[in-house]
Amino acid sequence: MRDSLHALSPLDGRYFQTTKVLRSYFSEYALIQKRVEVEVKYFLALSEQGLPELGDISTSFREALEKIPLSFDSEDALRIKEIESEIRHDVKAVEIFLQEKIDAMDETVVEGNRDLYKAFVHFGLTSQDINNTAIPLLLKDSFEKLFSSLLDELLEDLVQKSKKWKNLRMLARTHGQPATPTLLGREIEVFYVRLKGQVDELKKTTFYGKFGGATGGMDAHFFAYPNVDWHSFAEKFLDGLGLKRSYPTTQIEHYDHLASFLDRWCRVHTILMDLAQDVWLYISLDYFHLKVFEKEVGSSTMPHKINPIDFENAEANLGIARNLCTYLSSSLPISRWQRDLRDSTILRNLGVCFGHSLVALKGLQRGLSRIEPHENRLREDLQKHSKVLAETIQTTLRKKGDPRAYDTLKALTRTNGEEGKKKLLDFVNTDRKSV
């Protein structure tokens, strides 16, 4: 709590308890750890390629290498940051860190191949081969292990509410004005269907990585070993990690696939903003009650207040996340010639974007759990606005061949209040057989 008071961002301050789970996917520590993992797996893949100089590595060395990302801790991350502060290059720092780990291994493990093994760490690669593998893997994990289930929970809540309230009649409003009645359950179902369509497409996402050396063609690899099919190697390597290889590329992954994912993520946020606003408005009409929490305070001066703050906070955080997503998706695919460094800074804000998404989703869950329909209020509003039956009455008259049905009902329903209601009822009662 004390540290959160000094946090620059609310994601690491006020909302820390909600967002701390994202540190496993979007923190600097998580990125460094994933880079180490990718570097180690790449070395192991090289060792299986049959390169004559590298040969077959021993079981003991393989096991020692595999333990490095598995036992990775804060001290390791700090050592990498220390190296980075000296050389001013984050991925090269990981390479040096791994070479230090090999230096520290017992001779019985390296069996006289210490320098050779160190030479093949990061062999032929550029930094973006590591970054454009590590970052999509972290994003993929965050969606599949966290956000997908959160969206499923939200969908389940909406579908249960739509079923529970399927027979509750409610005055509709188009342009903010009373319109033909609808069903509360159906209005909730609209959001369920819209959201499910986008979530289903998100779950089909293929995450892409880039593996191609300094300018995308694996030139250094082919120069060193011209008889190896390095493109097939790269495709197989990324496939084994759960990614599809982008090819051809420049030095960096072109981010079109990531932008497509973010654009769909934006649409999810737009739908949820629409939901939050509609529920907020229904609460303001007293169509929904908010469950009361005894100790909750809605106003520092008005004791009666129970405010829809969960929907308001959700709407605000959805907006922030959506705007960040829009910037990321429109900016990442643009890079000067074979690469510039903009993507490095931009990608570090993925966690900010998804942090606000998480706060919003949790807020919506909390808000939706508190609403209950005010059935008496729904009936009162329907009875008050009986003129909205004009559509069905004039349609019935049209069916019976009355060409002036619309104008007749128009004249009957443009009078407000009880007088207008009486005119309509008198018409129906007088001409019941026609209607």
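The shown structure was predicted, so the numbers you read here are calculated from the model rather than taken from an experiment.

Colleague: In this structure, what is going on with the overall build of the protein chain? I would like to understand it.
Modeller: For the protein chain, the count of helices and strands is 20 helices and six strands. Computed over the C-alpha atoms, the radius of gyration of the protein chain is 31 Å, more than 25% above the 22 Å expected from 2.2 N^0.38 for a compact globule of 435 residues. Over its C-alpha atoms, taken along the principal directions, the protein chain stretches across nearly 105 × 55 × 40 Å. Taken across its 435 residues, the protein chain has 47% of its residues classed as buried. Within the protein chain, contacts between residues at least 6 apart in sequence are counted, and of these 75% link residues at least 24 apart. In the structure as shown, the protein chain presents an accessible area of about 23100 Å², 51% of it carried by carbon and sulfur atoms.

Colleague: It is not clear to me how the side chain of K161 should be interpreted in this structure. Could you clarify?
Modeller: Following the sequence through the fold, K161 ends up in helix α9 (residues 127-164). Assessed through its relative accessible area of 12%, K161 is described here as buried. Not counting the four nearest positions on each side in its chain, K161 is found in contact with I188, L368 and I371.

Colleague: Help me out: how do you make sense of helix α4 (residues 59-70) in this one?
Modeller: Note that an α-helix has 3.6 residues per turn; residues three or four places apart therefore point the same way. The end-to-end C-alpha distance of α4 is 17 Å, a good match for the 16 Å that twelve residues give at a rise of 1.5 Å each. The set of residues buried in α4 consists of F61, A64, L65, I68 and P69. Summarising the axial view, the buried residues of α4 lie within an arc of 140°, below the 170-degree limit, and thus occupy one face. In α4, the exposed positions angled more than 90 degrees off the buried face are occupied by T59, K67 and L70. On the buried face of α4, the contacting elements are α3 (28-47), α6 (90-103), α7 (107-110) and α8 (114-119).

Colleague: Explain the pairing of strand β2 (residues 177-183) here, please?
Modeller: The two faces of the sheet receive side chains in turn, since in a regular strand these alternate between them. By the bridge criterion, five bridges tie strand β1 (residues 169-174) to β2 in an arrangement that is antiparallel. Following the sheet pairing, T174 is matched in β2 by Q177. Where β1 hands over to β2, the hairpin turn is made up of two residues, of which H175 adopts a positive phi near 60°.

Colleague: What am I meant to see in helix α18 (residues 390-399) here?
Modeller: Within α18, the full set of buried residues consists of A390, I393, Q394 and L397. For α18, the angular spread of buried residues about the axis comes to 90°, placing them on one side. Packing partners of the buried residues in α18 comprise α19 (405-413) and α20 (417-430). Within two residues after α18, G401 carries a phi angle of roughly 95°, on the positive side.

Colleague: What is the right way to read the pattern of salt bridges from this model?
Modeller: Any two side chains of opposite charge can pair if their charged atoms end up close together. A complete count under the given rule lists 33 salt bridges for this structure. As a salt-bridge pair, E66 and R62 come within 3.9 Å of each other at their nearest N and O atoms. Taken as a pair, E66 and R62 lie in helix α4 at a separation of four residues, close to a single helical turn. In this structure, the salt-bridge partner of R370 is E296, at a minimum N-O distance of 2.8 Å. Taken together, the positions of R370 in the loop between α16 (350-368) and β6 (371-373) and E296 in the loop between β5 (288-290) and α14 (309-331) put the pair 74 residues apart, joining distant regions of the chain. By relative accessible area, R370 is classed as buried at 3%. Each of the salt bridges in this network shares a partner with another, and the network as a whole consists of E28, R35, K81, E84, D90 and R348.

Reading the values: rules and limits
Residues numbered from 1 in each chain as written. Predicted model: local features only at pLDDT ≥ 70, side-chain atom pairs only at ≥ 80, totals over all residues. Heavy atoms only, no water. Helix = DSSP H or I, 4+ residues; strand = E, 2+ residues; numbered from the N terminus. Rg over C-alpha atoms; globule rule 2.2 N^0.38 Å. Buried < 20%, exposed > 50% of the residue type's maximum accessible area, 1.4 Å probe, protein only. Contact = heavy atoms within 4.5 Å. Areas by Shrake-Rupley, 256 points an atom, 1.4 Å probe, with all protein chains shown as cover. Expected span 1.5 Å × (residues − 1). Arc of directions from axis to C-beta. Pairing = 2+ DSSP bridges. Salt bridge = Lys/Arg side-chain N within 4 Å of Asp/Glu carboxyl O.

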